[in-house]
Amino acid sequence: MTHADPQTDAQHTQQELFSFARSTRGEIARWGFIPTTREAPADAETPSHILLARAGCIRKVSSGVYAFLPLGLRVLRKIEAIVREEMNAIGSAELLLPALMPIELFAGTKRDVEYGDLLFTLEDRHGRRQFLGPTHEEVITEALAACVPSYKSLPICVYQIQTKYRDEFRPRAGLLRGREFLMKDAYSFHAALEGAGGLNETYDRMHQAYVNIFTRCGLDFTAVEAEAGPIGGSASHEFMVNCASGEDTILVCPASGYAANVEKCEIGQRAGPSVGFFVGEPTGTLEEVHTPDCPGIEDVAKLMKVKPENMLKSVVFKVAARDEDEAKKYPGDWWVVACVRGDHDVNEGKVRDACGCKIELANVDEARKAGFEIGYVSPRAVVGKPQTLLLVDPDAAAGFDDAKGKSRFWVTGGDRKDYHVKHFNWQRDLGKDPVAANATKTDGSKADCFFEVASIRNAVAGDPSPRAAGATLEARRGIEVGHIFKLGTKYSTAMGFNILDEKQERRPVIMGCYGIGVSRTVAACVEMSCDDNGIIWPAPVAPYHVLITLIKPDEAELKAAAALADELAARGVDVLIDDRDERPGVKFKDADLIGIPVRVTIGAKSLAERKVEIKHRKDTGTNALVALSDAADECVRLLEA
Ligand code: ATP
Ligand code: MG
């Protein structure tokens, strides 16, 4: 894809982006309400959860709900400030939408059903149902629909930074997955997709603004291609912080730079078996095995002592045509059986693309009635069912194992509850020659089901790259901090937001939406940048830039600290002074924990020589002795390094 025009304000050099530099005067504060503790919360496992709590940045109120204490709030505000600057720079205007909204807003687009239990709902005193916004497409679309009559007012791009509510099934890792969290969400509205003022232009600018934001936050991240998901639409990118503790898996091709999330990632040309798909002699007589209480691949594999890669997994879908064309292609009731190897996962988006029609996971009871014993379905289940399409992934369609030089041994479902079969053979057990397109039987008679080899599984590490011949995909873990979507007309159509175009014709407005997890970004910064002793804040988001620790806060030390702090503040540096009446050991431990990037220590001995000790939080070595008169320069140098 193309990104924003290099001439726009949003483009900066890497150096400019990752700099703490500020033109405003810095702030000076004494150690106040920073309740540090040695104890990690009992439920905390990830570094950011443990360290943000221990450093007195956040405090749990209930599951997935946190209070931001002064230090944590300062980080949140700094990230917000970066987000605001970059949003304003691309011409997006800030507004604030309500968190509390009437349920009718979501019911109109059926998102009350789509969100289901994720939605926090309540009833007001008059018995009217309300909800707390998990996202805000409807309310903003309605607002614009009421005020924008024609294409002449477009494009419009607005954003807010606001608290969102999602009743996550499993809130986890502190700020990483909360039930109440801070999000920046932006929405853009257009008369056209292409050209000046079109959605694509704004999308590209937004993409660049996100690159700027996460670079300025000091994060190591990858922008990956992503499926549009339940929010709908045609194209999207996720911004993933590269981090081993991340929840999401992304796949990257080191040769071409292609990166995508698991749901979206394409797979390059896979080498089929040299003898062709479905070919190979049976490995034995088809044999039924009793496998009680083993609905999952892993359980069956253990019980039958086979590797999941020698098993076939079949997932049953029902065709749900969206329009006349699709209905014409699949008239009546059609089933789709997607078959992949046991160690692979069916990708619903790819199955949909292979069918060329919308599909839905089959209802278990309905499928059973139609002869698909869910949990035990094998490819044999399609035999004799004329309204069925069997899609087989290339790895599952291999009847012959080139590496071993012999036929492949397959275990698959027994098509009845609690049974599996071994020695499955494609040619023998499908009762036809499946190699022929649309399964024309070997005797020339018409097939009784339809058959296709198609790439329908999630990509995994080691798969061929779709962008560079010979290269393979690598897997990485990531934390999703941002997500941008081309929504198209999903919401404008559902909510009747039409405008008059140049030809005075009414058309639905084209939309984009763009989210950033602001509170999640706080946690991502810590995940990326910490050590055994505590946080190491990247300078641009640090609650304070410099921590001045006084060994024994007497008048001389306090005076020196005040003078240095004043000099630093004049240069835009935020300074925290630890003048507590505590043992130096306690103060140094706390300094490590709260992670202020530059540390100055003032003690009687060095002060006698008009010197102070300075070090960067990430340096493990000893402090450098610096003349008091050079101390401010040295601090700024370390911050900018
Ligand atoms: P996820 O897949 O992590 O559940 P999502 O794709 O549902 O997130 P979006 O609707 O894309 O989330 O929301 C935009 C951004 O808000 C996400 O990229 C993420 O950074 C942040 N976010 C979403 N859910 C949470 C949450 N429960 N806690 C904190 N931040 C969140
Ligand atoms: Mg998302």
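Calculation rules
Residues numbered from 1 in each chain as written. Chains lettered and ligands numbered in written order. Predicted model: local features only at pLDDT ≥ 70, side-chain atom pairs only at ≥ 80, totals over all residues. Heavy atoms only, no water. Helix = DSSP H or I, 4+ residues; strand = E, 2+ residues; numbered from the N terminus. Buried < 20%, exposed > 50% of the residue type's maximum accessible area, 1.4 Å probe, protein only. Contact = heavy atoms within 4.5 Å. Areas by Shrake-Rupley, 256 points an atom, 1.4 Å probe, with all protein chains shown as cover. Lys, Arg positive; Asp, Glu negative; His and termini not counted. Charge placed at Lys NZ, Arg CZ, Asp CG, Glu CD. Donors = N, O, S within 2.8 Å, 3.2 Å for Na, K, Ca; no water. Near = heavy atom within 4 Å. Polar contact = N/O pair within 3.5 Å; in protein donor to acceptor, adjacent residues only side chain to side chain. Nonpolar A, V, L, I, M, F, W, Y, C, P; charged D, E, K, R; others polar. Pairing = 2+ DSSP bridges. Axes fitted to C-alpha atoms, helices over the stretch in contact; angles between N-to-C directions. Phe/Tyr/Trp six-rings, centres within 6.5 Å; stacked < 30°, edge-to-face > 60°. Lys NZ or Arg CZ within 6 Å of the ring centre and 35° of its normal.

Asks: Residues and numbers for the overall build of the chain, please.
Replies: When helices and strands are counted, the chain shows 18 helices and 34 strands. When its C-alpha atoms are laid out on the principal axes, the chain stretches across 100 × 65 × 55 Å. Counting every position in the chain, which comprises 641 residues, the buried fraction comes to 52%. Contacts in the chain between residues far apart in sequence, at least 24 positions, make up 72% of those at least 6 positions apart. Accessible area for the chain stands at about 29,000 Å²; split by element, carbon and sulfur atoms hold 50% of it. Charge separation in the chain, taken as the distance between the mean sites of 79 positive and 94 negative side-chain charges, equals 2 Å.

Asks: Which residues make up the coordination of the magnesium ion (ligand 2), and what are the values?
Replies: Binding of the magnesium ion (ligand 2) to the protein goes through Glu-480 (OE) and His-483 (ND1), at separations of 2.2 to 2.3 Å. Note on Glu-480: relative accessible area 21%, which makes it partly exposed. Residue His-483 is classed as buried on the basis of its relative accessible area, which comes to 12%.

Asks: Please give an account of the site of ligand 1 that cites residues and values.
Replies: What surrounds ligand 1 is a group of 14 residues, the closest being Arg-166, Glu-168, Arg-177, Gly-178 and Glu-480. Side-chain polar atom of Arg-166 to an oxygen atom of ligand 1: 3.0 Å apart, as the coordinates give it. Secondary structure elements with two or more residues in the shell around ligand 1: β9 (180-190) and β24 (474-488). Here the residues of the shell around ligand 1 are counted per class, giving five nonpolar, four polar and five charged.

Asks: Any details on the sheet that holds strand β21 (residues 411-413)? Residues and values, ideally.
Replies: Spatially, three strands are ordered β14-β22-β21 in an open sheet, and the strand pairing comes out antiparallel. Looking at the sheet topology across the chains shown, the edges are occupied by β14 (287-290) and β21. Strand-to-strand twist of the sheet, defined as the mean angle between neighbouring strand axes without regard to direction, takes the value 35 degrees. Sheet strands touched by helix α8 (residues 297-304): β14, β21 and β22 (419-422). Its angle to β22, the strand with the most contacts, is close to 60 degrees.

Asks: With reference to specific residues and values, describe the packing of aromatic side chains.
Replies: Scanning the entire structure with this criterion turns up 14 aromatic pairs. An aromatic cluster of three or more residues is present, and its members are Tyr-210, Phe-214, Phe-221 and Phe-239. Residue placement shows Lys-385 over the ring face of Phe-372; its charged tip is 4.8 Å from the ring centre.

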